[in-house]
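Chain residues, written in single-letter form:
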Amino acid sequence: MKKYDEIRIENLQIFANHGVFPEETKLGQKFLVSIIMYVDTKKAGQKDDLNLSIDYGSVSHFITRFLQEHTYKLIEAAAEHLAEELLLTFPLLKGVSVELKKPWAPVGLPLDTVSVKIERFWHQAYVALGSNIGDKKAFLDMAVEELNKMEDCKVERVSDYITTAPYGGVEQDDFLNGCVQISTLLTPEELLSALHGIEGTAHRKREVHWGPRTLDLDILLYDDLIYESENLMIPHVEMHLRDFVLEPLSQIAPWVRHPGLGKTVKELLDDLK
């Protein structure tokens with residue numbers, strides 16, 4: 001994870017109505033909120049210009065309004081939704097740490113506070129696009145548009161589309177392939193689920209391995225993460241062997257480094273050629 005500068009708000013006092021018990025949501029109680037905003041403050045510091053940084057006063061008022069206008073049973077939910085709204089509202093935020101403290105937690109025992117603390121960041125991911133059925137370009141354009149419609153995803157760059165021969169030995173039409181760079185608040189598994197939903201919109205069917213498809217969306221890279229689960233492997237297991245992946249990816253991310261192989265996308269493409 002890239003190291004960012006920090007702007008901190010410590011123990012902002014807010015009277016709000018969050019809690020499991022009816023008296024908590026009806027009568028309300030005091031909460032303390034501490035925020036770490038992960039940003040790049042260098043330009044603001046060099047030019048002494050607030051427009052190049054984040055106004056912590058505006059953020060403090062935003063937090064107060066948000067927690068007073070919404071009601072949650074769990075402080076975990078309040079923290080989660082607050083973190084997401086901060087990241088969606090303030091464009092210069094790269095990430096945020098939210099600590100929500102409940103000084104008067106009704107546990108029947110003496111204590112100072114109960115609190116929950118979370119960190120959430122924008123992540124950079126690269127997704128491969130492919131289609132070899134029907135209007136291929138329309139399917140790829142639709143995938144990019146659907147990604148950009150999602151509140152927690154922002155399309156940053158899109159490669160050219162290239163025509164490539166099918167991979168895997170199944171006789172079928174040529175593919176149209178491309179790559180897209182996105183910023184996302186989604187976890188890898190959440191992003192995978194979102195991509196499957198977009199494929200479903202294109203009536204994607206998984207009947208033949210490496211077979212024809214209306215739309216194929218694969219996560220290639222996600223930050224510098226190396227990740228493996230039952231459903232997902234990051235980096236994509238065969239991306240370094242596929243020119244139809246590396247060629248469009250090299251257009252938009254030639255110097256991004258494969259976290260497992262230690263080589264840039266351009267170097268991987270040169271090796272393959």
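Everything in this summary refers to the structure shown in the same document. The structure presented is a predicted model; accordingly, all values stated were derived computationally and were not measured.

1. What to know about the overall build of the chain
What the chain contains, in helices and strands, is 8 helices and 11 strands. Dimensions along the principal axes, computed over C-alpha positions, put the chain at roughly 70 × 45 × 30 Å. Within the span of the chain, comprising 273 residues, buried residues form 46% of the whole. The contacts in the chain between residues at least 6 apart in sequence include a share of 64% that link residues at least 24 apart. Working note: accessible area of the chain is about 14800 Å², and carbon and sulfur atoms make up 50% of it. Both charge centroids of the chain, one from 29 positive and one from 44 negative side chains, sit 4 Å from each other.

2. Topic: the packing of aromatic side chains
A full pass over the atoms with the stated rule returns 3 aromatic pairs. Taking 6.4 Å as the distance between ring centres and 15° as the angle between the ring planes, the aromatic pair formed by F62 and F66 counts as stacked. One end of the pair is F62 and the other is F66, both in helix α3 (residues 56–69) and 4 residues apart, which spans about a single turn. Here F62 matches F66 in class, with each residue buried.

3. Some points on the pairing of strand β5 (residues 123–131)
Of all 9 residues in β5, 8 are buried, a share of seventy percent or more. Bridge count for β5 against strand β8 (residues 175–184) is 9 bridges, and the pairing is antiparallel. Opposite A125, over in β8, you have I182 as the bridge partner. Here β5 pairs with strand β9 (residues 216–222) via 6 bridges, running antiparallel. The residue of β9 that forms the bridge with A125 is Y222.

4. So, the sheet that holds strand β2 (residues 29–39)
Spatially, 4 strands are ordered β1-β2-β3-β4 in an open sheet, and the strand pairing comes out antiparallel. Looking at which strands have only one partner, the edges of the open sheet turn out to be β1 (5–16) and β4 (114–121). Averaged over all neighbouring strand pairs, the angle between strand axes comes to 15°, with direction disregarded. In this sheet, β2 lies alongside β1 in antiparallel orientation, the contact comprising 10 bridges. Residue I9 lies in a different strand from β2, and its bridge partner there is I35. Relative to β1, α3 is tilted by about 35°, and along the sheet it contacts β1, β2 and β3 (95–102).

Conventions and cut-offs
- Residues numbered from 1 in each chain as written.
- Predicted model: local features only at pLDDT ≥ 70, side-chain atom pairs only at ≥ 80, totals over all residues.
- Heavy atoms only, no water.
- Helix = DSSP H or I, 4+ residues; strand = E, 2+ residues; numbered from the N terminus.
- Buried < 20%, exposed > 50% of the residue type's maximum accessible area, 1.4 Å probe, protein only.
- Contact = heavy atoms within 4.5 Å.
- Areas by Shrake-Rupley, 256 points an atom, 1.4 Å probe, with all protein chains shown as cover.
- Lys, Arg positive; Asp, Glu negative; His and termini not counted.
- Charge placed at Lys NZ, Arg CZ, Asp CG, Glu CD.
- Phe/Tyr/Trp six-rings, centres within 6.5 Å; stacked < 30°, edge-to-face > 60°.
- Pairing = 2+ DSSP bridges.
- Axes fitted to C-alpha atoms, helices over the stretch in contact; angles between N-to-C directions.

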